[in-house]
Amino acid sequence: MSSVVVSNYAGSLDIAAIRAAFPILSTTVNGKPLVYLDNGATTQKPQRVIDTINEYYTRHNSNIHRGVHFLSQYATDAYEVTRKKIQRFINAKHDHEIIFTKGTTDGINLLAYSFGKSSIQPGDEILISAMEHHSNIVPWQIMCEDRGAVLRVIPMNEKGELIMEEFYKLLNSKTKMVAITYISNSLGTVNPVKEIIDAAHQKGAKVMLDAAQAIHHIAVDVQKLEVDFLVFSSHKMYGPTGVGILYGKEELLNAMPPYQGGGDMIKTVTFEKTTYNELPFKFEAGTPNIEAGICLGAAVDFIESIGIDHIAAYEEYLLNYATEQIKQIQGVRIIGEAAHKSGVLSFVIDGTHPYDVGVLLDKMGIAVRTGHHCTEPVMNFFKVPGTIRASFAIYNTKEEVDALIAGLKKAVMMLL
Ligand code: C6P
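What you are looking at is a predicted structure, and each value in this text was computed from that prediction instead of being measured. Each residue is numbered by its place in its chain's sequence as written, counting from 1. In keeping with the predicted nature of the model, local features appear solely for residues at pLDDT of at least 70, side-chain atom pairs appear and are counted solely at 80 or more, and the whole-chain, interface and lining totals rest on all residues. Side-chain numbers come from the whole structure's heavy atoms, not from hydrogens or water.

**Overview of the confidence of the model for the protein**
Here is step 1: Chain-level pLDDT for the protein is 96 on average; 97% of the residues reach the 70-or-more range.
Here is step 2: Per residue, pLDDT measures the predictor's confidence, with a range of 0 to 100. Throughout, a contact is declared for two residues whenever any of their heavy atoms are within 4.5 Å. The low-confidence segment residues 1-7, where pLDDT is below 50, has 23 contacts with residues more than four positions distant or belonging to other chains.

Below you can see the structure in the form of structure tokens.
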């Protein structure tokens, strides 16, 4: 790939140099250079993350928080360094407000269970939105069923924007939690989360942001947002799978019971009574995914070596370019035309099924996701079986967008 220096946004990045850090990007698929546009599902990993995994198993493998020996101390320190990096990255007040989880889904399940147990009474209400990922619907449904609470849904308009007047109507003194996605994975909508947080707080409700599609695209500052809880996954931010983060305000986490019992989350255990450990360990039962936790730190380093604001500006440029170009293809209907979008371009093409288009693109080496993207209610709203979704990351290029457009034109010719 030739050097692409993009200069039509504030700052300039050498995308070729960034791409060179990702070995997988120079591979071929079906005999064609890989064009990876499925970053919403998971991002590729830079060499420094891959090296950290190798280094961990070659030199530092040990269980953490348990041993007095050198390796255990080393691994514990490295793991805890990541906690501090995440604290800094999202500007949390304390490092013990950073809870390691298995990922976004795990974080939401933890929160729904523990917050539900400590704070939800029959008749209380939980507010989610019409554009949530299944991970931010089902755990709340389970909790509502258990606690006798009511799940309410903020509707959206035809552009895929939340109808804020409806949000204000739904918000009331019975609302105990507003659990909402920061950026929609199937529409790309960036929600007005600060406005939602401020309004919810005025009614005494807490707010959880699902930042799975935000954390690698835009700056997230939990203190500035004053958000109560925030969840995200490492694997969508250039880190390994199997680890994620639940952020919570100290006083709120302290008020919640543990989610799982086991090693590390206890202070003392007798057969009669167990006392629980302090934050963050109270919520981290059992041996965690140590190497993934350590490597997540390397992913944060990667993002910070570029700068999240540079990433946001460059990806905005790419998304705008892709949106302009795709409109030139006859029969394309973009699903999700919010005024404020990030990272995701979802669309359908008249007379074609998303799956068939996806298969043909794959033959050309172009990876997109097709289907409902774990947001079936969104597909039902737009009355489509699924969409074709191109989702961007910092290493994607204008040339790759051109390849997608050319591939789509070819696929349409073959299918119609
Ligand atoms: N979305 C996508 O292709 P996990 O699987 O726990 O890492 O993340 C779940 C999740 C929760 N919320 C949002 C907004 C998400 O986008 C995702 C994951 C992927 O869109 C896989 S379904």
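**Some remarks on the site of the ligand**
Here is step 1: Each residue is tested against the molecule or strand, and it is near if at least one of its non-hydrogen atoms lies within 4 Å. The local shell around the ligand holds 17 residues, among which Thr105, Asp210, Gln213, Ser233 and Arg369 are the closest.
Here is step 2: Nitrogen and oxygen atoms within 3.5 Å of one another constitute a polar contact, given that in protein one can donate a hydrogen and the other can accept it, and given that sequence-neighbouring residues count only through two side-chain atoms. Within the side chain of His235, an N or O atom sits 2.7 Å from an oxygen atom of the ligand.
Here is step 3: When isolated, the ligand has an accessible area of 510 Å², and the protein chains bury 87% of it.
Here is step 4: Lys, Arg, Asp and Glu make up the charged group, whereas Ala, Val, Leu, Ile, Met, Phe, Trp, Tyr, Cys and Pro make up the nonpolar group; the residues left over, Gly among them, are polar. For the shell around the ligand, the class distribution of residues is three nonpolar, 10 polar and four charged.
Here is step 5: Residue assignment places the shell around the ligand across two domains, with domain 1 (15-45 + 308-415) and domain 2 (50-304) each supplying three or more. The Shrake-Rupley method, run with a 1.4 Å probe sphere, supplies the accessible areas, and residue values consider only the shown protein chains as cover. Residue ranges assigned to the domains are those given by an automatic or database domain assignment.

**Comments concerning the environment of Ile15**
Here is step 1: In DSSP terms, a helix is any run of H or I states spanning at least four residues, a strand is any run of E spanning at least two, and both are numbered starting from the N terminus. Its place among the elements puts Ile15 in helix α1 (residues 15-20).
Here is step 2: Spatially, the C-alpha atom of Ile15 lies 7.4 Å from that of Thr397, the residues being 382 residues apart in sequence.

**Considering the packing of helix α2 (residues 47-60) against helix α10 (residues 290-306)**
Here is step 1: With their axes 9 Å apart at the nearest point, α2 and α10 run at an angle of 150 degrees to one another. Between α2 and α10, the interaxial angle falls into the category roughly antiparallel. In this structure, α2 meets α10 at a crossing whose hand is right-handed. Each of Arg48, Val49, Thr52, Ile53, Tyr56 and Tyr57 in α2 lies in contact with α10, whose residues at this interface are Ile290, Glu291, Ile294, Cys295, Ala298, Ala299, Asp301, Phe302 and Ser305.
Here is step 2: Tallied by class, the residues present in the contact of α2 with α10 amount to 10 nonpolar, two polar and three charged. Every axis in this analysis is a line fitted to C-alpha atoms, fitted for helices over the stretch in contact. Angles between the N-to-C directions lie between 0 and 180 degrees. Oblique is the label for any angle not covered by the other classes, which are roughly parallel (under 35 degrees), roughly antiparallel (over 145) and roughly perpendicular (65 to 115). The handedness criterion is simple: a crossing whose near helix is rotated anticlockwise from the far helix by less than a right angle is left-handed, and one whose near helix is rotated clockwise is right-handed.

**Regarding the sheet that holds strand β18 (residues 369-371)**
Here is step 1: For two strands to pair, DSSP has to find at least two bridges joining them. The strand order across the open sheet built from four strands is β15-β16-β19-β18, with neighbouring strands paired in antiparallel fashion. Here the strands that pair on one side only, and so sit at the sheet edges, are β15 (332-334) and β18. Averaged over neighbouring strand pairs, the angle between their axes works out to 30 degrees when direction is ignored.
Here is step 2: Two strands pair when backbone bridges link them, and strand β16 (residues 344-349) and strand β19 (residues 387-391) are joined in this way by four bridges, in the antiparallel orientation. Each bridged residue has a counterpart across the sheet, and for Phe347 the counterpart in β19 is Ile388.
Here is step 3: Helix α11 (residues 308-326) contacts β15 and β16 of the sheet and is inclined by roughly 10 degrees relative to β16.

**Quick look at the sheet that holds strand β9 (residues 175-181)**
Here is step 1: Taking strand neighbours across the sheet as the criterion, the seven strands line up as β6-β12-β11-β10-β9-β7-β8 in an open arrangement whose pairing is mixed. Each edge of the sheet is formed by a strand with only one pairing partner; in this case those strands are β6 (98-101) and β8 (150-154). The sheet shows a mean angle of 20 degrees between the axes of neighbouring strands, taken without regard to direction.
Here is step 2: With five bridges connecting them, strand β11 (residues 229-233) and strand β12 (residues 244-248) associate as antiparallel partners.

**As for the packing of aromatic side chains**
Here is step 1: Two aromatic rings from Phe, Tyr or Trp, using only the six-membered ring of Trp, form a pair when their centres are within 6.5 Å; if the ring planes differ by under 30 degrees the pair is stacked, by over 60 it is edge-to-face, and anything between is tilted. Counted according to the given criterion, the structure contains 13 aromatic pairs.
Here is step 2: Consider the rings of Phe115 and Phe229, whose centres lie 6.1 Å apart with planes at 75 degrees: the pair is edge-to-face. Highlighted residues: Phe115 in helix α4 (residues 104-119) and Phe229 in strand β11, separated in sequence by 114 residues. Like Phe229, Phe115 is buried. Exposure is judged per residue with a 1.4 Å probe applied to protein chains only, and the accessible area is read against the type maximum: over 50% gives exposed, under 20% gives buried, and values in between give partly exposed.

**What to know about unusual backbone geometry**
Here is step 1: Following Leu279, the chain continues to Pro280 via a peptide bond in cis, the omega torsion being 0 degrees.
Here is step 2: Mapped onto the elements of the fold, Pro280 is located in the loop between β14 (274-276) and α10.
Here is step 3: Non-glycine residue Lys383 carries a positive phi angle of around 55 degrees.
Here is step 4: Within the secondary structure layout, Lys383 lies in the loop between α13 (376-382) and β19.

**Quick notes on the packing of α2 against helix α3 (residues 70-90)**
Here is step 1: Close contact between α2 and α3 brings their axes to 11 Å; oriented N to C, the two are set at 160 degrees. As summarised for this structure, α2 and α3 are arranged roughly antiparallel, according to the angle between their axes. Pair α2 / α3 crosses with left-handed handedness. Here α2 contributes Tyr56, Arg59 and His60 to the contact with α3, which in turn contributes Leu71, Tyr74 and Ala75.
Here is step 2: Split by residue class, the contact of α2 with α3 holds four nonpolar, one polar and one charged.

**Let's talk about the pattern of salt bridges**
Here is step 1: For salt bridges, the criterion is a side-chain nitrogen of Lys or Arg within 4 Å of an Asp or Glu carboxyl oxygen. All chains considered together, the criterion is met by 17 salt bridges.
Here is step 2: With a shortest N-O distance of 2.9 Å, Asp301 and Lys85 are connected by a salt bridge. Of this pair, Asp301 sits in helix α10 while Lys85 sits in helix α3, and the two are 216 residues apart along the sequence.
Here is step 3: Judged by its relative accessible area of 26%, Asp301 falls in the partly exposed class.
Here is step 4: Judged by relative accessible area, Lys85 falls into the buried class, the value being 18%.
Here is step 5: The partner of Glu278 in a salt bridge is Lys267, with the nearest N and O atoms 3.8 Å apart. One end of the pair, Glu278, is in the loop between β14 and α10; the other, Lys267, is in strand β13 (residues 266-269), with 11 residues separating them in the sequence.
Here is step 6: When salt bridges that share partners are traced, they join Glu80, Arg83 and Glu284 into one network.

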